2 protein chains.
Amino acid sequence: MKKLSIADIANHLNVSKSTVSFVLNGRAEEKRISKELVSRVEKFVKEVGYTPSPIARGLRTGKSNIIGLMVESISDPFFANIAKLIESRAYKKGYRILYCSTDNDTEKTRALIEVFRERNVDGYIISPPVGVEDEINALTKAGMPVVLFDRSLPNAGADSVEINNESSAFNATRLLIDQGFTNIAFITFSSLLTQMSGRLSGYKSAIEQEGLGVNVLEIDYNPDEDSMIQTVSNYLSENKHIDAVLFGAVQAGICGLKALTELNLKIPEDVAVISFDDHDVFKLFAPPITAISQPIEEIAGRIISLLLERLNPGQSHAVSQKIILNTEFKLRRSHVNKRFLRKAE
Amino acid sequence: MKKLSIADIANHLNVSKSTVSFVLNGRAEEKRISKELVSRVEKFVKEVGYTPSPIARGLRTGKSNIIGLMVESISDPFFANIAKLIESRAYKKGYRILYCSTDNDTEKTRALIEVFRERNVDGYIISPPVGVEDEINALTKAGMPVVLFDRSLPNAGADSVEINNESSAFNATRLLIDQGFTNIAFITFSSLLTQMSGRLSGYKSAIEQEGLGVNVLEIDYNPDEDSMIQTVSNYLSENKHIDAVLFGAVQAGICGLKALTELNLKIPEDVAVISFDDHDVFKLFAPPITAISQPIEEIAGRIISLLLERLNPGQSHAVSQKIILNTEFKLRRSHVNKRFLRKAE
DNA sequence: GTGAAAGCGCTAACAT
DNA sequence: ATGTTAGCGCTTTCAC
């Protein structure tokens, strides 16, 4: 059973390919094709279940109905959830997703953008690594819709969706300060990305405003989790004065909890804890961990809205939009000073 | 800066398109094109950074270098991890991933297979919902490489990679029986899929072999997690004789832990727990939860190997291969009977 | 109102 | 050994 082509349809109906094409693309009226012919074509097409080849169409039009989604790592629960939401919204609009993980590797990302470009993807959703602003700018300059998220590239002129990293970290640090902690550490992955530097500087300004000491541990990301746990564990052992920790990312927080468990340190009695991002682990840990929760649904919603806006050549703004969303504290038990513990129950 | 086409290359070099094409496709020798010409072409191609359009090539050859990956839900950590591993292996072989979540929806999956077919994906990796065996068989009959995983379709003639669900559940149940528990429940998502029925029957045979009572709760999957937690919570409240639970899936296990926490039931003193799949939550819970861990890396590795085998038309076996992998117990504290608790420390 | 034909960029059978 | 050419299936300009 060979797949039908538009020529088969045209032959069968004794009309030309172009007529069929016009009908299929909703240009029948514009071309003043008779109602009668239109319905005859539509009926037959439905009857034999013909659908135009997106590949041939893509070759001709340069459009693909595919959106390229590049995340740091699809196995990260944050990105996996975003991906799921984006996919289902995009699917409803007739777009498919071609996706890949960048591993925050600049070269890999460049190659990936090229791959997507060759495939004529219609739009890009990217959580970019550092150093790809030139490629991004080339894309937007060529009129391609691009939405950045989770972090931004200072010199890239693309739409972006981020959270208020700096004030979130500032407020979280304040929360710990207000609980009376004075030796507060910030533990995170080393990274030049804007979301990380924002979190770091939010932490720092809260600390410095209070005249306290800055304690920062930057972990190099390592696929071998045990080695990262060891790093945190060592740091904590060597800095016994630390009485509270703000973790800058969910993976850092999880490593931290594993390190604290290993060291037999009690939360919050020995060390108070707040972590960026929310996760089942934080909800179920004993005690439950106070978290800075990102509005995942809204992030995904904004991303896809921005992209669709650019995809539909209506009133597309030349200027790029930067959207900053607010986080939400999930206040639980892990940040409460033991002096207040009784009261808090 | 217009993108170059093969014609531009040919003109520049004063040769024909086919010559360039042959060189590019490694058929120079076969076509006895002079070494000199070959290197002249290669040099120029590299110089101007020309890469053939995969779309045009796809239209002509019917190949796309794209693998379609359909998982139940990309936001599920199990599938997200598998996806990550598959993607990186596929990427190295020059394949891109087009992916989507089926939500276990039969109709959606059928439509998705059609979408993939239209796009000429070269191979399919699917964790199938029930009821798509006809579509799968049509694919394999047409010579398309298809690898099923996580569950299989009894009447589908495709390669598959699964774990030994039945014996894993059997052994886990035995483990609880050997600890002296006598009212063991099996809590899982309702599903007609083979992996779930396998787990259920493994549980049942262990229970019945011992003459104990069968206690099964099948939760209807619901995106609203709270309602699922409530279901588990109600069940546990109404069946206070239950002293141990085997959870049939990671999400069920997490819901279960939340319900147990809510009910203030101690693990393992009030209720012992074992869950399918491993997860950070299980490692970090107090006490750590005994889990039946799937060999994620090996699963992904086998999937991609099977697919590549079929993709490279070497000695492709007509007969389909069913691979069954073993799980591994992560023995922790949650399944230990309190009578043995002292000893176990 | 409808159709013929060019062409998107590539591959491969067929000539030479 | 290398070139010519006919498509792959579709869209779209232009002619009737």
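None of these values were measured; they are calculated from a predicted model.

Student: What exactly am I supposed to notice about the pattern of salt bridges here?
Tutor: Side-chain pairing between opposite charges can occur once the charged atoms of the two side chains come close. Under the definition given, this model contains 38 salt bridges over all chains. With a shortest N-O distance of 2.6 Å, Glu-107 of chain A and Arg-110 of chain A are connected by a salt bridge. In this pair, Glu-107 of chain A and Arg-110 of chain A are both assigned in helix H6 (residues 106-118), three residues apart and thus about one turn of the helix distant. One salt bridge connects Asp-278 of chain B with Arg-332 of chain B, and the closest N-O pair in it is separated by 2.5 Å. Of this pair, Asp-278 of chain B sits in the loop between strand E9 (272-276) and helix H12 (280-284) while Arg-332 of chain B sits in the loop between strand E12 (328-330) and helix H14 (338-344); the two residues are 54 residues apart in sequence, bridging distant segments of the chain. Connected via shared salt-bridge partners are Glu-225 and Lys-258 of chain A together with Asp-280 and Lys-283 of chain B.

Student: Help me out: how do you make sense of the protein's contact with DNA strand C in this one?
Tutor: The full set close to DNA strand C counts 29 residues, and Arg-32 of chain A together with Ile-6, Tyr-50, Arg-57 and Arg-60 of chain B are the nearest of them. At a separation of 2.6 Å, a base nitrogen of DNA strand C approaches a polar side-chain atom of Lys-17 of chain B. A distance of 3.4 Å is found between a phosphate oxygen of DNA strand C and a side-chain nitrogen or oxygen belonging to Asn-25 of chain B. At the level of secondary structure, the elements contributing two or more residues to the surface near DNA strand C comprise helix H2 (17-24) and helix H4 (54-61) of chain A together with helix H2 (17-24) and helix H4 (54-61) of chain B. By residue number, the principal contributor to the surface near DNA strand C is H4 of chain B, which donates five residues. Looking at side-chain class alone, the surface near DNA strand C contains ten nonpolar, eleven polar and eight charged residues.

Student: Just to check I follow, could you spell out the relation of the copies chain B and chain A for this structure?
Tutor: Both copies of the chain are tied together by a single rotation about an axis and a shift running along it. When chain B is brought onto chain A, the operation consists of a screw motion whose angular component is 180° and whose axial shift is 0.0 Å, with 0.1 Å RMSD remaining. Both copies are brought into coincidence by an operation consistent with a two-fold rotation axis. The residues that chain B uses at the interface reappear at the interface of chain A in 100% of cases, marking a shared surface.

Student: In this structure, what is going on with the UniProt feature "domain: HTH lacI-type" (unreviewed entry) in chain A? I would like to understand it.
Tutor: Following the UniProt record, the feature "domain: HTH lacI-type" (unreviewed entry) maps to residues 4-61 of chain A here. Helix makes up 66% of residues 4-61 of chain A and strand 0%. Its end C-alpha atoms lie 20 Å apart.

Student: Would you mind going over helix H11 (residues 250-262) of chain A with me for this structure?
Tutor: Spacing of three or four residues puts side chains on the same side of an α-helix, whose turn is 3.6 residues. When the terminal C-alpha atoms of H11 of chain A are compared, their 18 Å separation across 13 residues agrees well with the 18 Å that a helix rising 1.5 Å per residue should span. Counting buried residues along H11 of chain A, ten of its 13 residues qualify, which places the element largely inside the surrounding structure. Within the span of H11 of chain A, buried status applies to Val-250, Ala-252, Gly-253, Ile-254, Cys-255, Gly-256, Leu-257, Lys-258, Ala-259 and Leu-260 of chain A. Lining the buried residues of H11 of chain A we find strand E6 (184-189), helix H10 (225-238), strand E8 (244-247), strand E9 (272-276) and helix H12 (280-284) of chain A together with H12 of chain B. In the stretch just after H11 of chain A, Asn-264 of chain A is the one whose phi turns positive, near 65°.

Student: Can you help me understand unusual backbone geometry in this one?
Tutor: Apart from glycine, the bulk of residues carry a negative phi angle, and the bulk of peptide bonds sit in the trans form. Residue Ile-267 of chain A is joined to Pro-268 of chain A through a cis peptide bond whose omega torsion reads 0°. Phi is positive for Arg-32 of chain B, which is not a glycine, with a value near 50°. Here Arg-32 of chain B falls in the exposed class, since its relative accessible area comes to 77%. In this model, Asp-103 of chain B sits at a positive phi of 55°, which is unusual for a non-glycine residue. Relative to the helices and strands, Asp-103 of chain B is located in the loop between strand E2 (96-101) and helix H6 (106-118).

Student: Looking at this model, I keep getting lost on the protein's contact with DNA strand D. Mind explaining?
Tutor: Close to DNA strand D lie 29 residues; Ile-6, Tyr-50, Arg-57 and Arg-60 of chain A together with Arg-32 of chain B are nearest. Side-chain polar atom of Arg-57 of chain A to a phosphate oxygen of DNA strand D: 2.6 Å apart, as the coordinates give it. One of the side-chain nitrogen or oxygen atoms of Arg-60 of chain A is found 2.3 Å away from a base oxygen of DNA strand D. Where the surface near DNA strand D is concerned, the elements lending two or more residues are H2 and H4 of chain A together with H2 and H4 of chain B. Split by residue class, the surface near DNA strand D holds nine nonpolar, eleven polar and nine charged.

Student: For this particular structure, what's the right way to read the environment of Thr-290 of chain B?
Tutor: Residue and element names in this part refer to chain B. Considering the arrangement of structural elements, one finds Thr-290 in strand E10 (residues 290-293). Spatially, the C-alpha atoms of Thr-290 and Phe-329 are 7.3 Å apart, while their sequence positions differ by 39 residues. Separated by 2.9 Å, the side chain of Thr-290 and the backbone nitrogen of Arg-332 make a polar contact.

Student: Explain the packing of H6 of chain A against helix H7 (residues 133-141) of chain A to me, please; I cannot follow it from the model alone.
Tutor: The axes of two packed helices give the description: the angle between them and the distance between them. Residue and element names in this part refer to chain A. Taken N-terminus to C-terminus, the directions of H6 and H7 make an angle of 20°; their axes are 10 Å apart at the nearest point. By the angle between their directions, the pair H6 and H7 is classed as roughly parallel. As H6 packs across H7, the resulting crossing turns out to be left-handed. Between H6 and H7, the residues in contact are Arg-110, Ile-113 and Arg-117 and Glu-135, Ile-136 and Leu-139, respectively.

Student: Just checking my understanding: could you explain the sheet that holds strand E1 (residues 66-71) of chain B for this structure?
Tutor: Adjacent strands of a sheet pair through backbone hydrogen bonds, lying either parallel or antiparallel. Sheet architecture is open: twelve strands sit in the order E11(A)-E5(A)-E4(A)-E3(A)-E1(A)-E2(A)-E2(B)-E1(B)-E3(B)-E4(B)-E5(B)-E11(B), paired in mixed fashion. The sheet terminates laterally at strand E11 (322-325) of chain A together with strand E11 (322-325) of chain B, the two strands that pair on one side only. Between one strand axis and the next, the sheet turns through 20° on average, direction left out of account. Where strand E4 (residues 146-149) of chain B meets strand E5 (residues 159-163) of chain B, three bridges bridge the pair, whose relative direction is parallel. Note on E5 of chain B: the bridge partner recorded for Leu-148 of chain B is Ser-160 of chain B. Contacts from helix H5 (residues 77-92) of chain B reach strand E2 (96-101) of chain A together with E1, E2, strand E3 (123-126) and E4 of chain B within the one sheet, and its direction differs from that of E2 of chain A by about 80°.

Student: Honestly, the packing of aromatic side chains in this entry has me stumped. Any pointers?
Tutor: To describe a pair of aromatic rings, one takes the distance between the centres and the angle between the planes. Per the stated rule, a full pass over the model turns up eleven aromatic pairs over all chains. Seen from their ring centres, Phe-79 of chain A and Phe-149 of chain A are 5.9 Å apart, and the 75° between their planes marks the pair as edge-to-face. Taken as a pair, Phe-79 of chain A in helix H5 (residues 77-92) and Phe-149 of chain A in strand E4 (residues 146-149) lie far apart in primary sequence, 70 residues in all. The same class applies to Phe-79 of chain A and to Phe-149 of chain A, which are both buried. Taken together, a centroid distance of 6.3 Å and an interplanar angle of 50° make the contact between Phe-116 of chain B and Tyr-124 of chain B tilted. Grouping residues by exposure puts Phe-116 of chain B and Tyr-124 of chain B together as buried. An aromatic cluster is present here, built from Phe-78, Phe-79 and Phe-149 of chain A joined pairwise through their rings. Looking at Lys-108 of chain A, its charged tip hangs above the ring of Tyr-91 of chain B, at a distance of 5.4 Å from the centre. One cation-aromatic arrangement involves Arg-199 of chain B over Phe-276 of chain B; the distance from NZ or CZ to the ring centre is 4.1 Å.

Student: Help me understand the environment of Thr-19 of chain A, please; the structure alone is not making it clear to me.
Tutor: Residue and element names in this part refer to chain A. When you line up the elements, Thr-19 lands in helix H2. Distance from Thr-19 to Leu-325, taken between C-alpha atoms, is 49 Å for residues 306 residues apart in sequence. Once residues lying within four places of it in the same chain are set aside, the contact partners of Thr-19 are Ile-33 and Leu-37.

The rules we used
All residue numbers refer to position in the chain's written sequence, counted from 1. As a convention, the first chain written is A and the first ligand written is 1, with the rest following in written order. Only residues with pLDDT of 70 or above have their local features reported here, since the model is predicted, and side-chain atom pairs are shown and tallied only from 80 upward, although totals for entire chains, interfaces and linings are computed over all residues. For the side-chain quantities, the full set of heavy atoms in the structure was used; hydrogens and water were omitted. A carboxyl oxygen of Asp or Glu within 4 Å of a side-chain nitrogen of Lys or Arg is what we treat as a salt bridge. Each helix is a run of H or I in the DSSP string that is no shorter than four residues. Each strand is a run of E no shorter than two, and both are numbered from the N terminus. For this purpose, a residue is taken to be near a molecule or strand whenever a single non-hydrogen atom of the residue falls within 4 Å of it. Whenever two N or O atoms come within 3.5 Å, that pair is a polar contact, provided that in protein one can donate a hydrogen and the other can accept it, and provided that, for residues adjacent in sequence, both atoms are side-chain atoms. Lys, Arg, Asp and Glu make up the charged group, whereas Ala, Val, Leu, Ile, Met, Phe, Trp, Tyr, Cys and Pro make up the nonpolar group; the residues left over, Gly among them, are polar. A least-squares fit on C-alpha atoms brings the copies together, and the residues used are those whose pLDDT is at least 70 in both copies. What makes two residues a contact is simply this: any of their non-hydrogen atoms within 4.5 Å. UniProt positions are given in the numbering used here, feature names are shortened, and annotations may be inferred rather than shown by experiment. Here a helix's expected span is defined as the number of its residues, less one, multiplied by 1.5 Å. Categorising residues by exposure relies on relative accessible area from a 1.4 Å probe, with only protein chains included: less than 20% of the type maximum marks a residue as buried, more than 50% marks it as exposed, and the intermediate range marks it as partly exposed. Axes, fitted as lines to C-alpha atoms, cover a helix only where it is in contact. Angles between the N-to-C directions of the axes lie from 0 to 180 degrees. Just so you know how the angles are binned, under 35 degrees is roughly parallel, over 145 roughly antiparallel, 65 to 115 roughly perpendicular, and the rest oblique. Each helix crossing is assigned a hand: it is left-handed if the near helix lies turned anticlockwise from the far helix by less than a right angle, otherwise right-handed if that turn is clockwise. Strands were regarded as paired on the criterion that DSSP finds at least two bridges between them. By convention, a stacked pair of Phe, Tyr or Trp rings (six-membered ring in the case of Trp) has centres within 6.5 Å and planes under 30 degrees apart, an edge-to-face pair has planes over 60 apart, and any other such pair is tilted. The criterion for a charge sitting over a ring is simple: Lys NZ or Arg CZ within 6 Å of the ring centre, and within 35 degrees of the ring normal.

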